[in-house]
Each structure stands twice: as C-alpha cells, then as structure tokens.
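If you want the building blocks of each chain, they are given just below.
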Amino acid sequence: MAEGGADISLHPAPPQTDIVAQLATRLERPVPSGVAAFFTAYDGGVIARRKPGVAESSAPSEDPEDGDVLVRFINHEEALALAEQGGSSLKGLWPIMQRGGQIVALDAEGPVTEEAEWPVVQVADRSVDRLGSSLLRFLRVLLAEVSYELSLPDERPVPGSVVEVNLKKSRLALAEKRCQLDPQLSDHWVDWADLLEEDGQKAAAQTTLERGLTAASQPGPALLAGLGFRGLLVNDLATARAALEDAVSLEALTARDDDARLDASAMLLLIGLETGDSQLAKRSRGTLKNAMAATGAFWRAEAVRALAMGDNARTDLALRLLRILIPDDTDAAVIAENSPAVRASVAAIIRSRTALDEGDFDAAARAAREAMAACGSLAMAHALLAESL
C-alpha cells in the first residue's frame with residue numbers, strides 16, 4: 001500500500017499461529033475486537049519513506065537503521081521477547097511498534113471495562129504517555145502524522161516566509177485532524193488549543209478545550225488546567241478553581257499531565273493567597289512540595305512567550321505566579337518593564353529556544369547573543385547562550 005509518499009508494508013499473520021489467543025493468555029484478559037481484527041490480519045511490517053526512482057510495487061527496507069523507515073511494526077515473536085525483557089516495566093503492556101526510537105504499546109490495563117478497546121501508549125524512560133484511545137483510531141492518526149512528516153521542508157523555514165506560514169497552517173490542520181480521527185484522546189484537544197492560542201485565535205482555543213472536555217473519554221489534567229488558566233485570565237475564579245481542582249485530582253495520562261497538575265496547583269496557590277483562603281494555599285503548597293522552583297521556571301518561560309506574542313494579560317498572570325513560586329527571581333522584574341529593549345530580547349530568546357529544540361546550536365547561540373545585546377539583564381538569555389555552546 002502507498003500513502004502520501006510513504007510505502008506501507010504489513011506482513012500477513014501466520015495461519016498456524018493464533019496470535020489473538022496467545023495475547024489473551026499472556027495478558028490474562030479478553031482481547032478487544034479492534035485489536036483482534038488487526039492481529040488476525042497482520043504480524044509486523046513497516047511504514048517507510050518511498051525512495052526516489054523506486055517503483056511503488058517494490059517492498060520497502062525493513063532495516064531499523066535505515067533513515068527512510070518511519071515506523072516499524074513489531075511482530076509477535078519479537079513482542080514476546082520484549083515483554084520478557086521488560087519485566088515489570090512492561091506489565092500489562094504489549095509492544096506493537098517502534099517509532100522515533102521509542103516503543104509504542106497497547107495498554108491492556110488502561111480500559112475501565114473489559115469490553116473497552118485497549119489504549120495505545122508510548123513507553124518512555126520515566127513515563128507511559130497515552131497516544132491513542134484505541135489501536136484503530138491511533139493507526140488512522142498515525143497515517144495523518146506520517147503524511148504531515150513527509151510534507152515538511154528539508155530545512156528550517158525563514159521566519160515570516162511563505163513556507164513558514166504554510167507550515168503553521170499545516171500544523172494546525174494536523175492538530176484538527178487528530179481530534180477528528182481520535183476525539184476521545186484528551187491530549188489531542190490540548191495540542192490543538194495550544195496551536196490556536198499561538199496563532200492568536202483565543203476564542204477558538206477556549207472553544208476547543210470545552211469541546212475536548214465533552215469528547216474525551218478521560219479528560220486529562222492538562223485539559224482541565226488549560227480551562228482553569230483561561231478562567232483566571234478573565235477573573236472567573238469559581239470556574240477556574242473548579243477546573244484546577246479537577247486537574248489536580250485526575251489521573252495523569254501523559255508526562256504533560258504530570259506537569260499540568262503542578263501548574264494547576266500553582267494557580268490554586270495563587271487563588272488561595274489572593275483570596276485569603278489559607279487552607280487552599282496550604283493544600284497547594286503540599287502538592288507542589290519540592291517542585292516550586294521547577295514550576296516557577298515554567299511560568300517564567302510562559303511570561304516570556306506571552307510577552308513575545310503581545311499578550312499582556314497572559315504575561316501579567318504568568319508573572320504573578322512566578323513571584324509566588326520564586327520570590328527572588330530577577331527576571332520577573334525585568335520582564336514586567338515591558339520596554340522595547342525587553343521585548344526585543346524576549347523575541348530573540350524565543351528564537352534561541354526554538355533553534356535549540358530543533359538542534360541548531362549555532363542559530364541558538366546567535367539568537368541568545370542578540371537577546372543579551374538587546375537587554376543584558378535577563379538571566380534567561382545568558383542561560384540559553386551557555387546551553388547553546
């Protein structure tokens with residue numbers, strides 16, 4: 001099969017092996033119909049970038065070291081071996097593919113009822129992040145992501161260029177597509193809302209989170225924290241508090257959710273201190289414990305991002321949180337000045353961080369130096385330069 005510049009090669013399941021029965025025995029529970037349908041038909045394979053000049057009928061490489069292999073489906077025998085090697089770290093999980101160096105697995109312990117489909121998760125070093133509400137929904141999203149990945153330009157686009165504008169539109173379209181293909185996954189709605197917010201579509205971002213709250217099978221802390229944050233922005237403390245308390249109490253489905261619970265606790269601490277609710281403030285400090293500085297660093301970065309976007313209300317709220325979490329932070333006062341020099345420095349800081357995230361250390365160092373030249377008193381710029389060198 002071919003899909004938007006990619007070759008999809010899935011091997012037929014061996015007729016002499018009842019993979020579904022073995023899976024049920026191994027995981028000690030019935031195999032959902034969607035998972036059973038897939039493993040009855042397929043056992044291993046790849047999704048690979050089509051090589052120039054190679055006919056569509058040619059089988060793609062299955063060498064995991066081949067850079068054109070985008071996704072490698074794990075066959076039953078290899079999955080058994082991985083499950084054995086993984087021990088307790090893979091308890092209740094069944095490896096199904098490798099993507100970007102990470103293991104993707106089915107979570108047989110994730111569903112609330114036996115009849116429900118098994119969610120799909122990524123097995124990271126210290127977390128198990130949910131990627132899909134079911135195998136079949138995940139696979140549909142995967143094909144959309146592969147198509148997007150193959151459409152990306154070879155080099156980072158020039159800021160403000162037509163290529164960059166089109167890339168942002170494509171990223172937004174993909175985020176929306178994910179929500180259409182797997183509306184039950186909370187994280188998809190958070191991703192889409194964040195991109196809409198970055199694009200200046202604040203009302204659409206709010207609506208997207210509200211839609212996600214009703215569509216997601218298990219709304220995660222990040223989604224509720226996003227709603228709570230937006231409630232604080234408009235000073236709707238009752239709505240904000242209810243959403244944030246839900247965020248703290250909900251099960252974390254991803255590493256982002258773990259962070260969101262801390263962010264929600266910081267916002268509840270702000271509400272407690274500013275409204276004189278000492279019990280709320282005490283509970284929030286208890287949740288934050290030793291994470292005050294790390295959470296404060298997030299809100300410092302959020303203040304910088306908001307200032308770069310020209311969002312004064314968001315900048316002010318982020319700074320209020322930063323002052324509570326790290327009272328002696330030197331950058332807070334500088335950012336609050338909101339002078340032309342500070343805004344120029346902040347814009348360069350954003351460019352430096354983006355370049356670092358993309359692995360372009362030279363560009364990151366240049367942008368960090370520009371930030372220091374515009375305003376030398378922002379410690380963030382000095383830290384970014386050190387990280388870039």
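Residues numbered from 1 in each chain as written. Predicted model: local features only at pLDDT ≥ 70, side-chain atom pairs only at ≥ 80, totals over all residues. Heavy atoms only, no water.

**A look at the packing of aromatic side chains**
Note on aromatic pairs: each is described by the distance of the centres and the angle between the planes.
Next, step 1: Under the definition given, this model contains six aromatic pairs.
Next, step 2: Seen from their ring centres, Trp189 and Trp192 are 6.1 Å apart, and the 40 degrees between their planes marks the pair as tilted. Separated by three residues within a single helix, Trp189 and Trp192 lie in helix 6 (residues 186-198), roughly one turn from each other. For the pair shown, Trp189 and Trp192 are each scored as buried.
Next, step 3: Grouped by ring-pair contacts, the aromatic residues Phe38, Phe39, Tyr42 and Phe73 constitute a single cluster. (Phe/Tyr/Trp six-rings, centres within 6.5 Å; stacked < 30°, edge-to-face > 60°. Helix = DSSP H or I, 4+ residues; strand = E, 2+ residues; numbered from the N terminus. Buried < 20%, exposed > 50% of the residue type's maximum accessible area, 1.4 Å probe, protein only.)

**Observations regarding unusual backbone geometry**
Next, step 1: You will see that Asn235, though not glycine, has its phi angle at about 60 degrees, which is positive.
Next, step 2: A relative accessible area of 59% means that Asn235 is categorised as exposed.
Next, step 3: The backbone phi angle of Lys289 is positive, close to 45 degrees, even though this residue is not glycine.
Next, step 4: Relative to the assigned elements, Lys289 resides in the loop between helix 11 (278-288) and helix 12 (292-308).

**Some details on the pattern of salt bridges**
Next, step 1: If you walk through the whole model with that rule in mind, you get 23 salt bridges.
Next, step 2: Across the salt bridge formed by Glu145 and Arg178, the nearest N and O atoms sit 2.7 Å from each other. You can see Glu145 sitting in helix 4 (residues 135-151) and its partner Arg178 sitting in helix 5 (residues 162-181), a full 33 residues away along the chain. Each member of the pair Glu145 and Arg178 is classed as buried.
Next, step 3: Across the pair Arg351 and Glu370 runs a salt bridge, and its minimum N-O distance is 2.5 Å. Of this pair, Arg351 sits in helix 15 (residues 340-357) while Glu370 sits in helix 16 (residues 361-374), and the two are 19 residues apart along the sequence.
Next, step 4: Taken together, the shared-partner salt bridges in this structure form one network comprising Glu197, Glu198, Arg230, Glu302, Arg305 and Arg314. (Salt bridge = Lys/Arg side-chain N within 4 Å of Asp/Glu carboxyl O.)

**Description of the environment of Cys179**
Next, step 1: If you trace the backbone, Cys179 turns up in helix 5.
Next, step 2: Along the sequence, Cys179 and Asp191 sit twelve residues apart, while their C-alpha atoms lie 9.4 Å from each other.
Next, step 3: Excluding residues within four positions of it along the chain, Cys179 makes contact with His188, Trp189 and Trp192. (Contact = heavy atoms within 4.5 Å.)

**A short note on the packing of helix 13 (residues 312-325) against helix 14 (residues 330-337)**
What describes two packed helices is the angle between their axes and the distance between those same axes.
Next, step 1: Interaxial distance between helix 13 and helix 14 falls to 10 Å at its minimum, and their mutual angle equals 160 degrees. Judged on the interaxial angle alone, helix 14 and helix 13 are roughly antiparallel. By crossing handedness, the relation of helix 13 to helix 14 is classed as left-handed. Contacts between helix 13 and helix 14 involve Thr315, Leu319, Leu322 and Arg323 from the first element and Ala332, Ile335 and Ala336 from the second.
Next, step 2: Taken together, the residues of the contact of helix 13 with helix 14 break down into five nonpolar, one polar and one charged. (Axes fitted to C-alpha atoms, helices over the stretch in contact; angles between N-to-C directions. Parallel < 35°, antiparallel > 145°, perpendicular 65-115°, else oblique. Left-handed = near helix turned anticlockwise from the far one by under 90°. Nonpolar A, V, L, I, M, F, W, Y, C, P; charged D, E, K, R; others polar.)

**Quick notes on the packing of helix 16 against helix 17 (residues 379-388)**
Next, step 1: Between helix 16 and helix 17, the least distance of the axes is 8 Å, while the angle of their chain directions is 155 degrees. When the axes of helix 16 and helix 17 are compared, the pair comes out roughly antiparallel. For the pair helix 16 and helix 17, the sense of crossing is left-handed. Of the residues in helix 17, those in contact with Phe361, Ala364, Ala365, Ala368, Arg369, Ala371 and Met372 of helix 16 are Ala381, His382, Leu384, Leu385, Glu387 and Ser388.
Next, step 2: Among the residues making up the contact of helix 16 with helix 17, the classes are represented as nine nonpolar, two polar and two charged.

**Digging into the environment of Val248**
Next, step 1: Residue position: Val248 is located in helix 9 (residues 237-249).
Next, step 2: Remark: the alpha-carbon pair of Val248 and Leu262, spanning 14 residues in sequence, is separated by 7.6 Å.
Next, step 3: Once residues within four sequence positions are removed from consideration, Val248 is found in contact with Arg261, Ala264, Ser265, Leu268 and Thr287.

**Looking at the pairing of strand 3 (residues 42-49)**
Next, step 1: With six of its eight residues buried, strand 3 lies for the most part within the structure.
Next, step 2: Bridging between strand 3 and strand 4 (residues 69-73) involves four bridges; their strand directions are antiparallel. Considered in strand 4, the bridge of Gly45 is made with Phe73. (Pairing = 2+ DSSP bridges.)

**So, helix 6**
Helical geometry note: an α-helix holds 3.6 residues per turn, so side chains three or four residues apart project in the same direction.
Next, step 1: For helix 6, spanning 13 residues, the distance from its first C-alpha to its last is 19 Å, which sits close to the expected 18 Å at 1.5 Å a residue.
Next, step 2: With respect to burial, helix 6 is a largely interior element, ten of its 13 residues being buried.
Next, step 3: Following helix 6 by one or two positions, Gly200 adopts a phi angle in the positive range, close to 85 degrees. (Expected span 1.5 Å × (residues − 1).)

**Examining the pairing of strand 5 (residues 93-99)**
Next, step 1: Within strand 5, five of the seven residues are buried, which leaves the element mostly enclosed by the surrounding structure.
Next, step 2: Relative to strand 5, strand 4 is paired through three bridges, and the arrangement is antiparallel. For Arg72, the partnering residue across the bridge sits in strand 5 and is Gln98.
Next, step 3: Sheet analysis places strand 5 next to strand 6 (residues 102-107), joined by six bridges and oriented antiparallel. The partner of Met97 across the bridge, within strand 6, is Val104.
Next, step 4: In textbook terms, the turn of a hairpin is the stretch between consecutive antiparallel strands, and for strand 5 and strand 6 this stretch comprises two residues, one of which, Gly100, has a positive phi near 60 degrees.

**As for helix 17**
Next, step 1: Among all positions of helix 17, only Met380, Ala381, Leu384, Leu385 and Ser388 are buried. All buried residues of helix 17 fall inside an arc of 140 degrees around its axis, so they share one side.
Next, step 2: Packed against the buried residues of helix 17 are helix 12, helix 14, helix 15 and helix 16. (Arc of directions from axis to C-beta.)

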